[in-house]
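In case you want the letters, here they are:
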Amino acid sequence: MQNLLAYGGKGAIENGVLHHYVADASMSWVDVDNVAEAAAITLTHPEIHAGKTYRLGYDAKNFNEIATLMTSIVGKPFRYEVLSPEVFLQSMIESGAEMAYMGCVYDHWKRYAAGTIPGADDTFDTFYEITGKQPTKWADFIEKHKSELDY
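Residues numbered from 1 in each chain as written. Predicted model: local features only at pLDDT ≥ 70, side-chain atom pairs only at ≥ 80, totals over all residues. Heavy atoms only, no water.

Participant: Even after reading the chapter, I still don't get the overall build of the chain, so can you show me in this structure?
Facilitator: Across its full length, the chain carries 8 helices and 7 strands. Principal-axis analysis of the C-alpha atoms places the extent of the chain at approximately 45 × 40 × 25 Å. Going through the 151 residues of the chain one by one, you find that 36% of them count as buried. Within the chain, residue pairs in contact and separated by at least 24 positions form 79% of the contacts whose partners lie at least 6 positions apart. (Helix = DSSP H or I, 4+ residues; strand = E, 2+ residues; numbered from the N terminus. Buried < 20%, exposed > 50% of the residue type's maximum accessible area, 1.4 Å probe, protein only. Contact = heavy atoms within 4.5 Å.)

Participant: Just to check I follow, could you spell out the packing of aromatic side chains for this structure?
Facilitator: The description of an aromatic ring pair rests on the distance of the ring centres and on the angle between the ring planes. Within the structure shown, the criterion is met by 10 aromatic pairs. Relative to tyrosine 151, the ring of phenylalanine 78 lies with its centre 5.3 Å away and its plane at 85°, an arrangement referred to as edge-to-face. Placement of the pair is phenylalanine 78 in the loop between helix H3 (63–74) and strand E7 (79–82) and tyrosine 151 in the segment after helix H8 (146–149), with a sequence separation of 73 residues. A residue is classified by how much of its surface remains accessible, and tyrosine 151, at 36% relative accessible area, is partly exposed. Members of the aromatic cluster, joined through ring pairs, are Trp29, Phe63, Tyr80, Trp138 and Phe141. Lying over the aromatic face of tyrosine 151, lysine 76 brings its terminal NZ or CZ to 5.3 Å of the ring centre. (Phe/Tyr/Trp six-rings, centres within 6.5 Å; stacked < 30°, edge-to-face > 60°. Lys NZ or Arg CZ within 6 Å of the ring centre and 35° of its normal.)

Participant: How should I be thinking about the nonpolar core in this particular structure?
Facilitator: The nonpolar side chains of soluble globular proteins are, as a tendency, buried together. Counting 30 residues, the largest nonpolar core has Leu18 and Met70 as its most contacted members. When contributions to this core are tallied by element, the ones reaching two or more residues are strand E5 (27–29), H3, helix H4 (85–95), helix H5 (99–114) and helix H7 (138–144). Broken down by element, the residue count for this core peaks at 6 residues, all from H3. Beyond its immediate chain neighbours, meaning those up to four positions away, leucine 18 contacts Leu4, Ala12, Ile13, Phe63, Ile66, Ala67, Met70, Phe78, Arg79, Tyr80 and Glu81. (Core = buried A, V, L, I, M, F, W, Y, C linked by side-chain atoms within 4.5 Å.)

Participant: Looking at this model, I keep getting lost on the sheet that holds strand E4 (residues 17–20). Mind explaining?
Facilitator: The strands making up a sheet associate through backbone hydrogen bonding, with each pair oriented either parallel or antiparallel. The sheet built from 3 strands is open, its strands ordered E3-E4-E7 with mixed pairing. Unpaired on one side and paired on the other, strand E3 (13–14) and E7 mark the two borders of the sheet. In this structure, E4 lies alongside E7, joined through 4 bridges in parallel fashion. Across the sheet, the residue bridging to valine 17 is arginine 79, located in E7. Lying on the sheet, H3 is in contact with E3, E4 and E7; it crosses E4 at an angle near 160°. (Pairing = 2+ DSSP bridges. Axes fitted to C-alpha atoms, helices over the stretch in contact; angles between N-to-C directions.)

Participant: When you look at the pattern of salt bridges in this model, what are you seeing that I'm missing?
Facilitator: Close approach of charged atoms allows side chains of opposite charge to pair. Scanning the entire structure with this criterion turns up 7 salt bridges. The salt bridge involving aspartate 33 is made with lysine 144; its shortest N-O contact spans 2.9 Å. Within this pair, whereas aspartate 33 is found in helix H1 (residues 32–44), its partner lysine 144 is found in helix H7, the two being separated by 111 residues in sequence. With relative accessibility at 43%, the residue aspartate 33 sits in the partly exposed group. Aspartate 59 is the salt-bridge partner of lysine 61, the closest N and O atoms lying 3.5 Å from each other. Aspartate 59 matches lysine 61 in its accessibility class, with the two residues each being buried. What emerges from the salt-bridge pattern is a single network uniting Asp31, Asp33 and Lys144. (Salt bridge = Lys/Arg side-chain N within 4 Å of Asp/Glu carboxyl O.)

Structure (structure tokens):
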């Protein structure tokens, strides 16, 4: 979820416009604070969690749905503008980014946009299983970061 606040050292939203490279793909999202909390608990209780795999992702949304939620919570208009994955690739080349990794990210964006990543929008109840608490959903995240999203 934090990638919506900033990505690659710059803001991911400009004057209410969310730019991304995944067309209308719905993805399963997770708040990094939830990742940290789940990691801390699993690492401090290896007798319970050793050898287990926990998939994370609790709120499946596409960028249009996120923009609609942001509009209702922040109180200003937000909209999603689709960019081609090639725009991402070219900007990474121009910035001198490490292309072995960025090439993988580019391929990932292309696959999301094409809808060829199985289970990309799957959600799980693992956070509650690990922590006994509900995970952060998009409405909660937007409310928590309302001042950062305001423009």
